[in-house]
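Secondary and tertiary structure notes
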Amino acid sequence: MTTAKAAAIILAKELRLEFRTRELLTATVIFALVVVVLFSFAFDPTAAESRRYGPGLLWIAILFAGSLMLNPSFAREQNNETLDALRMAPISSFAILLGKILANFIFMSLAELVLVPVFAVLYNLSLAGIVWRLILVLVLGTLGLTVTGTVFSAVSAHARMRELLLPLLLLPLLTPLLIAAVESTASLFAESPALDRTWFAFLAGFDIVFLTASWLLCDHLLAE
Amino acid sequence: MPASKKLSATWCEARRNALPALATQTPATPASIGVSFHNVEKRFGSLAALRGVSLEIRAGEFVALLGPNGAGKTTLLRMAALLMNPTRGAVLFTNGPAVISQRVGAQALFVRPKHAIGLVGHSTLLYDELTAAENLTLFARLYALDKIADTVATALDDCGLATRVGSLVRTFSRGMRQRLAIARALLHRPSVILLDEPAAGLDRHGLAWFSARLARLKSDGCTVLMSTHARNESLDLATRAVALAGGRVDNDSGSAGDPRALLAALRTEQ
């Protein structure tokens, strides 16, 4: 079986489990919204202030929500040791990881679909004319977050304090991604919007590096 | 190359070949595959779970792994399931004199180890939030089985859960979960069946079904390794008994020997 087909089977399983329980998605969306609303109370969101601080606040909300959502990705395979059943199946380890990365990417994207319009309204920022470029930045930023987060979810799944361990491992590593995503987003919210190609390329590079690393290390990541 | 490194390298070969790449068809009837443990050692930090276990389990043998808690039975089975690496030594899958898990081209490779292994573990290895049918369908798809709907329906019918096809596994009793776990492990018709305390949670009816299922597997020529520290009727099928203690083989009735004395000792202990 090809890796793509096996990953699609894992993805379908993840989506079925999540849409049946809706545990992760609901908690993630609510958490992200709470963060954005609370930040909006911290300062007067005039257009100039929002352009200055808004992109950073948006990505911090996405990052925090992501670290909350990604933790159970592998942890919930511990309940009945279902990861063992997946590891025993004649599929590559990368297919398991890829299926979970894609599922997490979809969940995060759905959360952002709710979050970004609310963010734009609360912070008086117009999305007109920048929607497609903003989607590109969000896609690359979210991909980097989910690839790295899923990998570290696999690493921390066996740990006793995994809820604490994942953010501790993940957030420092995501600092370059955060900076690149914030700068790219800020360039879109500027008075004359123009996507900063350097930071955008950095985002793409981050994704490629971590996706390649996860492919190379997947056997070790999923080993007991 | 030192012997231990050479054995580890061989084991790595087995792991690599266990990944799918070439033939992915499940054989229509289980192929005869044996399992060899060569001086296997497993350490968890300073704790040695296995200390130099060597066992040659021939294709078609039904081996009862006996021993108290902590004897190393589960560790041995998890290694045979390719879920755990030995610290030292090697686990090989054999077909007669040929080691089938070696590099493709060097030996005749007609079935890949991962397709050939079925495990019933301590946990059910099932998703509680999926239905019985969804669980089996998921694994049937991962094993690239043919006629998935028919295969799943037959498996559910066989384990007596045909009326609970659409029920979530979390609504099942312990015994029902165990029957489904056994059905999942046998879904792809493995030829090496690893059973870790498989009778746990089964009632008399469940035990009778399980023993009948095992008898069928034995007559099909499957190799069975079943660990237990409790006497149950399925142990009467054993053709060999191996007692582990402190991570070592304490007693082995051998391939040609009579396991009854060791099994009787288990009955006396209880």
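Rules and cut-offs
- Residues numbered from 1 in each chain as written.
- Chains lettered and ligands numbered in written order.
- Predicted model: local features only at pLDDT ≥ 70, side-chain atom pairs only at ≥ 80, totals over all residues.
- Heavy atoms only, no water.
- Helix = DSSP H or I, 4+ residues; strand = E, 2+ residues; numbered from the N terminus.
- Buried < 20%, exposed > 50% of the residue type's maximum accessible area, 1.4 Å probe, protein only.
- Contact = heavy atoms within 4.5 Å.
- Areas by Shrake-Rupley, 256 points an atom, 1.4 Å probe, with all protein chains shown as cover.
- Pairing = 2+ DSSP bridges.
- Phe/Tyr/Trp six-rings, centres within 6.5 Å; stacked < 30°, edge-to-face > 60°.
- Lys NZ or Arg CZ within 6 Å of the ring centre and 35° of its normal.
- Buried area = accessible area lost by both parts, 1.4 Å probe.
- Salt bridge = Lys/Arg side-chain N within 4 Å of Asp/Glu carboxyl O.
- Polar contact = N/O pair within 3.5 Å; in protein donor to acceptor, adjacent residues only side chain to side chain.
- Axes fitted to C-alpha atoms, helices over the stretch in contact; angles between N-to-C directions.
- Left-handed = near helix turned anticlockwise from the far one by under 90°.
- Parallel < 35°, antiparallel > 145°, perpendicular 65-115°, else oblique.
- Nonpolar A, V, L, I, M, F, W, Y, C, P; charged D, E, K, R; others polar.

**So, the overall build of chain B**
If you tally the helices and strands in chain B, you get 8 helices and 10 strands. Per-residue burial for chain B yields a buried fraction of 56% across its 270 residues. Across chain B, the fraction of contacts at a sequence separation of at least 24, relative to all contacts at a separation of at least 6, is 70%. Split by element, the accessible area of chain B, about 11300 Å² in all, is 51% carbon and sulfur.

**Some thoughts on the pairing of strand β2 (residues 47-57) of chain B**
Residue and element names in this part refer to chain B. As paired strands, strand β1 (residues 34-44) and β2 are joined by 7 bridges and run antiparallel to one another. Counted as the bridge partner of V40 is V53 from β2. Remark: 2 residues form the turn of the hairpin made by β1 and β2, two consecutive strands paired antiparallel; G45 in that turn has positive phi of roughly 65°.

**So, the pairing of strand β3 (residues 62-66) of chain B**
All names here are of chain B. With respect to burial, β3 is a largely interior element, 5 of its 5 residues being buried. Side chains F62, A64 and L66 of β3 all project onto a buried face; the interleaved residues V63 and L65 project onto the opposite face, where all are buried too. Relative to strand β8 (residues 223-228), β3 is paired through 5 bridges, and the arrangement is parallel. Looking at β8, one finds that V63 is bridged to L225. Pairing of β3 with strand β9 (residues 240-245) involves 4 bridges; the strand directions are parallel. Counterpart to L65 in the pairing with β9 is V242.

**Brief notes about the packing of aromatic side chains**
Residues and elements named next belong to chain A. What the rule picks out here adds up to 5 aromatic pairs over all chains. On the basis of an interplanar angle of 55° and a centroid distance of 6.3 Å, the ring pair of F119 and F189 is categorised as tilted. With F119 in helix α6 (residues 93-122) and F189 in helix α9 (residues 175-189), the pair connects residues that are 70 residues apart, well separated along the chain. Residues F119 and F189 agree in their burial class; the two are buried. Through successive ring pairs, a cluster of aromatic residues spans F119, Y123 and F189. When the ring centre of F74 is taken as origin, the NZ or CZ atom of K100, which lies over that ring, is 5.0 Å away.

**Re the interface of chain A and chain B**
Each partner contributes residues to the interface: chain A has 24 residues there, and chain B has 31 residues. Buried surface at the junction of chain A and chain B, summed over both partners, amounts to about 2700 Å²; 62% is from carbon and sulfur atoms. On the chain A side of the contact with chain B, A:N80, A:M88 and A:P90 bury the most area, a combined 27% of that side's loss. Taken together, the links from chain A to chain B amount to 3 salt bridges. The shortest N-O distance in the salt bridge between A:R20 and B:E134 comes to 2.6 Å. For the pair chain A and chain B, the interface holds 14 residue pairs in polar contact (both at pLDDT 80 or more).

**Digging into the packing of helix α7 (residues 131-156) of chain A against helix α8 (residues 162-173) of chain A**
Between two packed helices, both the angle of their axes relative to each other and the distance between the axes serve to describe the pair. Residues and elements named next belong to chain A. Where α7 meets α8, the closest approach of the two axes is 9 Å, and the angle between their N-to-C directions is 140°. The handedness of the crossing between α7 and α8 comes out as right-handed. Along the contact surface, α7 presents T148, G149, F152, S153, V155 and S156, while α8 presents R162, L165, L166, L169, L170 and L173.

**Thoughts on the packing of helix α4 (residues 132-142) of chain B against helix α6 (residues 174-186) of chain B**
Residue and element names in this part refer to chain B. In the contact formed by α4 and α6, the axes pass within 10 Å of each other and the chain directions differ by 20°. With respect to each other, α4 and α6 are oriented roughly parallel. As α4 packs across α6, the resulting crossing turns out to be right-handed. Listed contacts from α6 to A132, L136 and F139 of α4 are L180, A183 and R184. In the contact of α4 with α6, the residues fall into 5 nonpolar, no polar and 1 charged.

**A few points about the sheet that holds strand β6 (residues 117-120) of chain B**
Residue and element names in this part refer to chain B. In space, the 6 strands of this open sheet follow the order β6-β7-β8-β3-β9-β10, with mixed pairing throughout. Edge positions in the open sheet fall to β6 and β10 (248-252), since each of these has one partner strand only. For this sheet, the mean inter-axis angle between neighbouring strands, taken without regard to orientation, is 20°. With respect to the sheet, helix α2 (residues 73-80) is in contact with β3, β6, β7 (192-196), β8 and β9, its orientation differing from that of β7 by roughly 150°.

**Observations concerning the pattern of salt bridges**
What the rule picks out here adds up to 18 salt bridges over all chains. In this structure, the salt-bridge partner of A:K100 is A:E77, at a minimum N-O distance of 2.8 Å. Of this pair, A:K100 sits in helix α6 while A:E77 sits in the loop between α4 (72-75) and α5 (82-88), and the two are 23 residues apart along the sequence. Under the relative-accessibility criterion, A:K100 is labelled buried at 0%. Here B:R216 ties to B:D158 by a salt bridge, and the two come within 3.4 Å at their closest N and O atoms. Here B:R216 is found in helix α7 (residues 204-219), whereas its partner B:D158 is found in helix α5 (residues 148-158), with 58 residues between them in sequence. Judged by its relative accessible area of 42%, B:R216 falls in the partly exposed class. The partly exposed category is assigned to B:D158, whose relative accessible area is 25%. Among the ionic contacts, a cluster of salt bridges with common partners joins A:K13, A:E14, A:E18, A:R76, A:E77 and A:K100.

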